[in-house]
Amino acid sequence: MTAPTAASAPMTVPAVTARKGGPRLAMLTAHDYALARLADAAGVDMVLVGDSLAMVGLGRPDTLDVGMDAMIHHTRAVACGVLRALVVGDMPFGSYQADDADAVRNAVRFLAEGRAGAVKVEGGARVLGRIEAILRADIPVMGHIGLTPQSVARMGGFKVQGRTARAAQALLDDARRLEDAGCFALVLEAVPAPVAQAVTAAVGIPTIGIGAGPHCDGQVLVSHDVLGLFDRFTPRFVKRYAELGQAATQAMAAFCEEVRSGAFPGPEHSFAMDPDEQRSAGLDAPPAPGPGGRG
Ligand code: KIV
């Protein structure tokens, strides 16, 4: 298959669901306009405005304290940068836990204010009622089971899920229930590859893996990990395709050096003045700057 480009037909929710069984779906996170444009131009099928924003964009230790206003602010920016991909807004912790009305109100904000095409909700059977309420409001929902980072307190850390036969069965049950409820796709995070394979075979909606092995219908990663822009820690399931963080630090160090030496800005970065105007204004040509900025 030729890789889609930003000029290809826009991705929709039905188009995502129709990709069950292939061609595989590629999803990356973006939290701002610049990264959204890059991901879209690269041909991703979906851009996730993940609550990973809290960790990779806002420097928090986990994803628990990024609120609705911040998520909407960032989703709007991402939607402005995307031409083709489906934009999925991640319902943050606290935005759907209280009651159905709250969940629907916040999901509506993602579409109406954020201009997302769908929302993602973490959790299986425990949040099924909330997901059904959002779906009844005609808002497409992507499920997310396995390691659900918003459950870090209950799980006792970011740990692989579904490692026992019983836990694997619970994941299969959750996946089927989310499909029956009407989710259009399902993220499987940090689960053993055989479990993800079984879930993928058991449901008729695409599974999007992250740390879930090669048998899913698609894969998602956090762009900051893919690009080498986040180095606080790198989960085992991440593949770094570039080291842009190192390149950025080198470029910024070169800027600092040139500012201090006076090599930047050069004449090509400066604005000249009409010589007659300059003379009549009494502005003599300034002496060439030396080290420390003095002539
Ligand atoms: O917030 C996020 O970026 C996510 C992905 C890791 C799936 O939920």
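Structure: see above.
(A) Representation of the side chain of aspartate 90 within the structure. With respect to the helices and strands, aspartate 90 occurs in strand E3 (residues 86–90). Given the relative accessible area of 2%, aspartate 90 is considered buried. Of note is the side chain of aspartate 90, whose polar atom sits 2.8 Å from the backbone nitrogen of aspartate 51.

(B) Structural detail: the packing of helix H5 (residues 100–112) against helix H6 (residues 128–136). Across the interface, H5 lies against H6 with an axial gap of 9 Å and an inter-helix angle of 50°. Compared by their axis directions, H5 and H6 come out oblique. The element H5 and its partner H6 pack so that their crossing is right-handed. Only Gly129, Arg130, Ala133, Ile134 and Arg136 of H6 make contact with H5, whose side of the interface consists of Asp100, Ala103, Val104 and Ala107. Its residues assigned to classes, the contact of H5 with H6 comprises 5 nonpolar, 1 polar and 3 charged.

(C) Fine view of the sheet that holds E3. Ordered in space as E1-E2-E3-E4-E5-E6-E7-E8, the 8 strands form a closed barrel in which the pairing is parallel. This sheet shows a mean twist of 25° between the axes of neighbouring strands, independent of strand direction. Relative to E3, strand E2 (residues 46–49) runs parallel, the two being bridged by 4 bridges. When the bridges of E3 are listed, methionine 46 appears paired with leucine 86. The sheet contacts of helix H8 (residues 165–181) involve strand E5 (141–146) and strand E6 (185–189), and relative to E5 the element is tilted by about 175°.

(D) The arrangement of the site of the ligand in detail. For the ligand, the full set of nearby residues is Thr29, Leu48, Gly50, Asp51, Ser52, Asp90, Lys120, His144, Ile210 and Val222. Contact distances for the ligand include 2.9 Å between an oxygen atom and a side-chain N or O atom of aspartate 51. Lysine 120 places a side-chain nitrogen or oxygen 3.1 Å from an oxygen atom of the ligand. A total of 260 Å² of accessible area belongs to the ligand in isolation, and the protein chains cover 95% of it. Its residues assigned to classes, the shell around the ligand shows 3 nonpolar, 4 polar and 3 charged.

Cut-offs used in this document
Residues numbered from 1 in each chain as written. Predicted model: local features only at pLDDT ≥ 70, side-chain atom pairs only at ≥ 80, totals over all residues. Heavy atoms only, no water. Helix = DSSP H or I, 4+ residues; strand = E, 2+ residues; numbered from the N terminus. Buried < 20%, exposed > 50% of the residue type's maximum accessible area, 1.4 Å probe, protein only. Polar contact = N/O pair within 3.5 Å; in protein donor to acceptor, adjacent residues only side chain to side chain. Axes fitted to C-alpha atoms, helices over the stretch in contact; angles between N-to-C directions. Parallel < 35°, antiparallel > 145°, perpendicular 65-115°, else oblique. Left-handed = near helix turned anticlockwise from the far one by under 90°. Contact = heavy atoms within 4.5 Å. Nonpolar A, V, L, I, M, F, W, Y, C, P; charged D, E, K, R; others polar. Pairing = 2+ DSSP bridges. Near = heavy atom within 4 Å. Areas by Shrake-Rupley, 256 points an atom, 1.4 Å probe, with all protein chains shown as cover.

So, to be careful, I would describe these as geometric facts and stop short of saying anything about function.
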